[in-house]
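Now for the letters of each chain:
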Amino acid sequence: MTTPDVLVRVENLTVEFSGGGLFARKRSVVRAVADATLEVHCGEAVALVGESGSGKTTLGRCVLGQQAPTSGSVTLNGMNVATMDRTVFRKTVQAVFQNPIASLNPAMSVLDILTEPLRRLKGISDRDEIEGRCEALLDQVRLSHDVLDRRPGSLSGGMAQRVSIARALAPEPSLIVLDEAVSALDVATQAQVINLLADLRDETGVSYLFIAHDLALVRHLCDQIAVMRLGEIVERGPGRLLSSDPTHEYTRNLLDAVPVPDPRVRRLRTRDVTASAPTASVPGAST
């Protein structure tokens with residue numbers, strides 16, 4: 001049963017794809033998502049974490065209404081996403097994707113890119129009001145107004161991703177799905193965008209479903225983390241607790257895979273600790 005403050009509920013979601021090729025004797029079935037259940041509450045940031053092929057992007061596509069589930073359901077404010085009016089849905093849910101340059105129309109100026117959702121989803125037609133709204137959106141994502149006249153190809157990756165975030169904010173959504181939204185950026189820019197997203201959540205009350213593969217990155221932004229492996233959610237819990245004291249071996253392996261920036265430090269892997277000294281602590285030791 002959905003509680004009143006639940007914005008999105010993914011319930012017993014399964015997504016299967018047929019495989020085997022055109023001339024295969026027997027068709028195979030690939031289960032990308034297996035009986036997954038997940039909730040995002042109003043104003044909450046939830047991370048969906050796992051390695052490539054774990055099913056997290058497929059689940060995100062179901063939340064965005066881009067992929068029909070084989071079974072189970074996705075509801076938004078108690079309404080089934082599959083049967084919602086598309087305009088109402090797009091006003092409520094927006095997305096930011098991994099490659100900011102590829103997700104922006106190269107032939108359009110930033111002004112045109114930000115104008116489109118304001119016209120289509122907010123019904124604003126007055127030119128002065130649109131320009132004022134676009135300037136306000138750039139203020140929100142910490143970009144100068146002169147960016148409005150530029151095209152995506154002339155922007156850095158970080159600037160382009162800020163424009164993508166501004167576009168997502170334009171219809172004033174309740175939820176933004178961020179699919180590997182910082183993985184294509186350098187480390188310094190990643191930190192800036194993560195801090196920006198945290199500020200925007202405080203300012204607007206927007207909720208996030210943040211799809212990523214880096215546990216260390218999302219724990220600074222997200223209230224809850226759900227870990228996916230082979231289509232299943234194998235562990236979930238508060239962000240900082242799960243990233244410091246995981247219970248599932250797969251989650252511990254994901255944490256082990258996070259690189260340590262100090263070459264002098266040799267970190268003990270979970271399997272090494274288990275094999276050598278069951279009572280030893282996991283974090284690591286210096287050489």
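### A short note on the environment of A34
By the secondary structure assignment, A34 is in strand β2 (residues 28-41). A34 sits 19 residues away from V15 along the chain, and the two C-alpha atoms are 6.8 Å apart. The residues touching A34, leaving out its near neighbours within four places in the chain, are L13, T14, G231 and E232.

### Description of the sheet that holds strand β5 (residues 79-80)
Taken together, four strands build an open sheet; the order of strands is β2-β1-β4-β5 and the sheet is antiparallel. Across the chains shown, the open sheet's two edge strands, defined by having one partner strand only, are β2 and β5. Across the sheet, helix α1 (residues 56-63) is in contact with β1 (6-19), β2 and β4 (71-76); its angle to β1 comes to roughly 120°.

### Some thoughts on the pattern of salt bridges
Opposite charge on two side chains permits them to pair, given that their charged atoms come into close proximity. If you walk through the whole model with that rule in mind, you get nine salt bridges. Across the salt bridge formed by R9 and E11, the nearest N and O atoms sit 3.5 Å from each other. Given the relative accessible area of 13%, R9 is considered buried. The class of E11 is partly exposed, set by a relative accessible area of 30%. Residues R9 and E39 are paired through a salt bridge, measuring 2.5 Å at the closest nitrogen-oxygen approach. With R9 in strand β1 and E39 in strand β2, this residue pair connects regions lying 30 residues apart in the sequence. For E39, a relative accessible area of 24% gives the class partly exposed. Connected via shared salt-bridge partners are R9, E11 and E39.

### Looking at the nonpolar core
In terms of nonpolar packing, the biggest core is built from 51 residues, with I165, Y208 and F210 touching the most fellow members. Counting residues per element, this core draws most heavily on helix α5 (residues 157-169), at six residues. If sequence neighbours within four positions are ignored, Y208 has contacts with V40, E44, A45, V46, L175, I176, L178, L197, L200, R201 and L221. Core analysis: the second largest hydrophobic core is formed by 30 residues, L7, C62, M84 and I233 among them.

### Focus on α1
The element α1 is largely enclosed, with a buried count of six among its eight residues. Within α1 the residues assigned to the buried category are K56, T58, L59, G60, C62 and V63. Of the residues one or two after α1, G65 is the one with positive phi, at around 75°.

### Regarding the environment of M84
In this structure, M84 sits in the loop between β5 and α2 (86-92). The exposure class assigned to M84 is buried, which follows from its relative accessible area of 9%. Here the alpha-carbon distance between M84 and G65, two residues 19 residues apart in the chain, equals 9.4 Å. When residues no more than four places from it in sequence are discounted, the contact partners of M84 are L76, M79 and F89.

Conventions used here
- Residues numbered from 1 in each chain as written.
- Predicted model: local features only at pLDDT ≥ 70, side-chain atom pairs only at ≥ 80, totals over all residues.
- Heavy atoms only, no water.
- Helix = DSSP H or I, 4+ residues; strand = E, 2+ residues; numbered from the N terminus.
- Contact = heavy atoms within 4.5 Å.
- Pairing = 2+ DSSP bridges.
- Axes fitted to C-alpha atoms, helices over the stretch in contact; angles between N-to-C directions.
- Salt bridge = Lys/Arg side-chain N within 4 Å of Asp/Glu carboxyl O.
- Buried < 20%, exposed > 50% of the residue type's maximum accessible area, 1.4 Å probe, protein only.
- Core = buried A, V, L, I, M, F, W, Y, C linked by side-chain atoms within 4.5 Å.

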